[in-house]
Amino acid sequence: MKRLTTLGLIAGLCTVIGLFVSSGPEAVAAALWASGWGAVLVVVARFVAVAWAGLGWWVVFPRGERPLLRDCVNVRFVREGVNTLLPVAQVGGDLIGARLLTRYRVSGALSGATTLVDLMVQALTQFLFTVAGLGILVALGGDGPIVHYVGLGLVVAAPALLAFYLIQRRFGQSLLQAAINRFASGREWRIFGAVDVLFERLRGLYAARGRILTAIGTHLFGWIIGTLEVWIALRFMGYEVGFLEAIVIESLAQAVRGAAFAVPGALGAQEGGLIALCAVFGIPAEAALALSLIKRLADLAVGLPSLMLWHAMEDDKTEPGRRPAAGIGAALRAFTRPRRAHGGGTHAPAFGYAAAPADGKGE
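The model shown is predicted, which means the values in this text are computed figures rather than measured ones.

Q: Can you help me understand the overall build of the chain in this one?
A: When helices and strands are tallied, the chain shows 13 helices and two strands. Taken across its 363 residues, the chain has 47% of its residues classed as buried. Expressed as a percentage of contacts within the chain between residues at least 6 apart in sequence, the contacts between residues at least 24 apart total 74%. Accessible surface, the chain as shown: approximately 17200 Å² in total, 67% of it carbon and sulfur.

Q: I tried to follow the pattern of salt bridges on my own but got confused; where do I start?
A: Pairing is possible between side chains that carry opposite charge, provided their charged atoms lie close to one another. All told, the structure shown has 13 salt bridges when counted by the stated rule. Of the charged contacts in the structure, one is a salt bridge between Arg 46 and Asp 299, with a shortest N-O distance of 2.5 Å. Linking Arg 46 in helix H3 (residues 38-58) with Asp 299 in helix H12 (residues 285-315), this pair joins segments that are 253 residues apart in sequence. Assigned by exposure class, Arg 46 and Asp 299 land together as buried. One connected set of salt bridges, linked through shared partners, spans Arg 46, Glu 229, Glu 250, Glu 271, Lys 295, Arg 296 and Asp 299.

Q: Please clarify how the packing of H3 against H12 should be interpreted in this entry.
A: Two measures define how a pair of helices packs: the angle their axes make with one another and the distance between the axes. In the contact formed by H3 and H12, the axes pass within 9 Å of each other and the chain directions differ by 55°. On the basis of their axis angle, the class for H3 and H12 is oblique. Crossing hand, H3 versus H12: right-handed. Between H3 and H12, the residues in contact are Ala 39, Val 42, Val 43, Arg 46, Phe 47 and Val 50 and Ile 294, Lys 295, Leu 297, Ala 298, Asp 299, Ala 301 and Val 302, respectively.

Q: Where do I start with H12 in this structure?
A: In an α-helix, one turn spans 3.6 residues, which is why side chains three or four residues apart end up on the same side. Taking 1.5 Å of rise per residue, the 31 residues of H12 would be expected to cover 45 Å, and the 44 Å separating its terminal C-alpha atoms lies within 8% of that figure. Along H12, 22 of the 31 residues are buried, which leaves the element largely enclosed by surrounding structure.

Q: Even after reading the chapter, I still don't get the UniProt feature "transmembrane region" (unreviewed entry) in the chain, so can you show me in this structure?
A: Per the UniProt entry, the sites bearing "transmembrane region" (unreviewed entry) are residues 39-60, 119-140, 146-167, 212-234 and 274-294 in this numbering. A distance of 31 Å separates the end C-alpha atoms of residues 146-167, which is 100% helix and 0% strand. Helix makes up 81% of residues 274-294 and strand 0%, whereas the separation of the span's terminal C-alpha atoms amounts to 12 Å.

Q: Which parts of the structure should I look at to understand empty space enclosed by the protein?
A: Left-over empty space is what a probe sized like a water molecule reveals as it rolls over the atoms. Per the counting criterion, the structure on display carries one cavity of 30 Å³ or more. If you add up the space inside the largest cavity, you get close to 40 Å³. Lining the largest cavity are Glu 250, Ala 253, Gln 254, Arg 257, Gln 270, Leu 274 and Lys 295. If you list the elements that add at least two residues to the lining of the largest cavity, you get helix H10 (243-259) and helix H11 (269-280). A total of four residues in the lining of the largest cavity trace back to one element, the largest contributor, which is H10. Broken down by class, the residue content of the lining of the largest cavity amounts to two nonpolar, two polar and three charged.

Q: Got a minute to help me understand the packing of aromatic side chains in this structure?
A: Applying the stated criterion across every chain yields a total of six aromatic pairs. Taking 5.8 Å as the distance between ring centres and 40° as the angle between the ring planes, the aromatic pair formed by Phe 47 and Phe 77 counts as tilted. With Phe 47 in helix H3 and Phe 77 in helix H4 (residues 69-85), the pair connects residues that are 30 residues apart, well separated along the chain. Residues Tyr 165 and Tyr 206 carry aromatic rings whose centres are separated by 5.3 Å and whose planes lie at 85° to one another, so their mutual orientation is edge-to-face. Placement of the pair is Tyr 165 in helix H7 (residues 145-184) and Tyr 206 in helix H8 (residues 195-207), with a sequence separation of 41 residues. Residue class for Tyr 206 comes out buried when judged on its relative accessible area of 10%. Across from the ring centre of Trp 58, 4.5 Å away, lies the NZ or CZ of Arg 66, which sits over that ring. Its end group placed over the ring of Trp 57, Arg 79 keeps NZ or CZ at 4.6 Å from the ring centre.

Q: It is not clear to me how a nonpolar patch on the surface should be interpreted in this structure. Could you clarify?
A: A cluster of nonpolar side chains, contributed by Trp 37, Val 40, Leu 41, Val 44, Val 48 and Phe 236, occupies part of the molecular surface with about 580 Å² of accessible area. Top element by residues in the nonpolar patch is H3. It accounts for four residues. Note that Val 44 resides in helix H3. The exposure class assigned to Val 44 is partly exposed, which follows from its relative accessible area of 45%.

Q: Explain unusual backbone geometry here, please?
A: Glycine aside, residues mostly have negative phi, and peptide bonds are mostly found in the trans state. Phi is positive for Arg 105, which is not a glycine, with a value near 55°. Structurally, Arg 105 can be placed in the loop between helix H5 (92-101) and helix H6 (108-139). On the basis of relative accessibility, which here comes to 60%, the residue Arg 105 falls in the exposed class.

Q: Any chance you could explain helix H9 (residues 209-236) here in plain terms?
A: The end-to-end C-alpha distance of H9, which contains 28 residues, comes to 41 Å, matching closely the 40 Å that a straight helix rising 1.5 Å per residue would cover. Where H9 terminates, the next one or two residues include Gly 238, which has phi positive at roughly 100°.

The rules behind the values
Residues numbered from 1 in each chain as written. Predicted model: local features only at pLDDT ≥ 70, side-chain atom pairs only at ≥ 80, totals over all residues. Heavy atoms only, no water. Helix = DSSP H or I, 4+ residues; strand = E, 2+ residues; numbered from the N terminus. Buried < 20%, exposed > 50% of the residue type's maximum accessible area, 1.4 Å probe, protein only. Contact = heavy atoms within 4.5 Å. Areas by Shrake-Rupley, 256 points an atom, 1.4 Å probe, with all protein chains shown as cover. Salt bridge = Lys/Arg side-chain N within 4 Å of Asp/Glu carboxyl O. Axes fitted to C-alpha atoms, helices over the stretch in contact; angles between N-to-C directions. Parallel < 35°, antiparallel > 145°, perpendicular 65-115°, else oblique. Left-handed = near helix turned anticlockwise from the far one by under 90°. Expected span 1.5 Å × (residues − 1). UniProt positions renumbered as here; feature names shortened; annotations may be inferred. 1 Å grid on protein atoms, 1.4 Å probe; cavity = no way out; pocket = protein on both sides within 12 Å on 5 of 7 lines; lining within 4 Å. Points joined across faces, edges and corners; volume = space filled by probe spheres on them. Nonpolar A, V, L, I, M, F, W, Y, C, P; charged D, E, K, R; others polar. Phe/Tyr/Trp six-rings, centres within 6.5 Å; stacked < 30°, edge-to-face > 60°. Lys NZ or Arg CZ within 6 Å of the ring centre and 35° of its normal. Patch = residues over 30% accessible without salt bridge, like charges linked within 9 Å, V, L, I, M, F, W, Y side chains within 5 Å.

What follows is the structure, encoded as structure tokens:
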């Protein structure tokens, strides 16, 4: 898997460089400069979208066992930062997030189960968002290779989505246990509790249809919030793009990113997808690449503080459940504060990934 991720990263970087060279760096820079304050608003929209995704995760929890909303939102930021900035496949942050949440008096089984349900809901709502985007594109008169390729992708994605759901509901327990024994030797996964307890939790979560429907509605609205990034950036560049056109671009671009989940940050896939989608509405390649750069800027603006927040959570030795309110601002302060080393000196903090205790109760 590491080798595949590395090859994907190299291929993505080569693709990005080729696209920028062929489109003209000066033209891309001019389009980026034209966006002005729009880039700042895109960053704000990204913060709102990630926080909203944290709310979508939080509503999945049973009412009597929910962590604080701020804890879910903070951990959701960590998930986003790891998935977008670190050289891992785009699900690595979700595994880390599930483990981190156990530091807030959430059992390992419940944390792991809600993360799986949250991933399922995100995948389902992204599928529906993509279907909506394709439908809007067809209604606006779009036809050609993009429509056919996206339609084919949806045909392939539908059974994969169904299989992901069925694995969680029916026959996945033995498969998961075999995978744990094969790839993780059990130790890193003990935080999620026994596999049978995990699947018992999954059954209970999926049985609460009201919470699942609420999570679906919350995540669907979150995809609409993400559409603001495209609409704002292109408007500030001077392109009269309607919100429906922005939905088409955002939904299908996110589908491309999802298909390139094995490539860190979907490097190359995002840029190529945006060029093809923007061209449908007469937007030139340099503007599409500028839009991609603005999205990458939002990745950095949200992701870097999120990684610092991850460090602060890992470094926090306070008893679980009695931690003070933490967030991006607190993480920035903690990250810049030197710590006392064992030898009496100080050293800068470093990102850690310490194995959690096997009982799932945190430290």
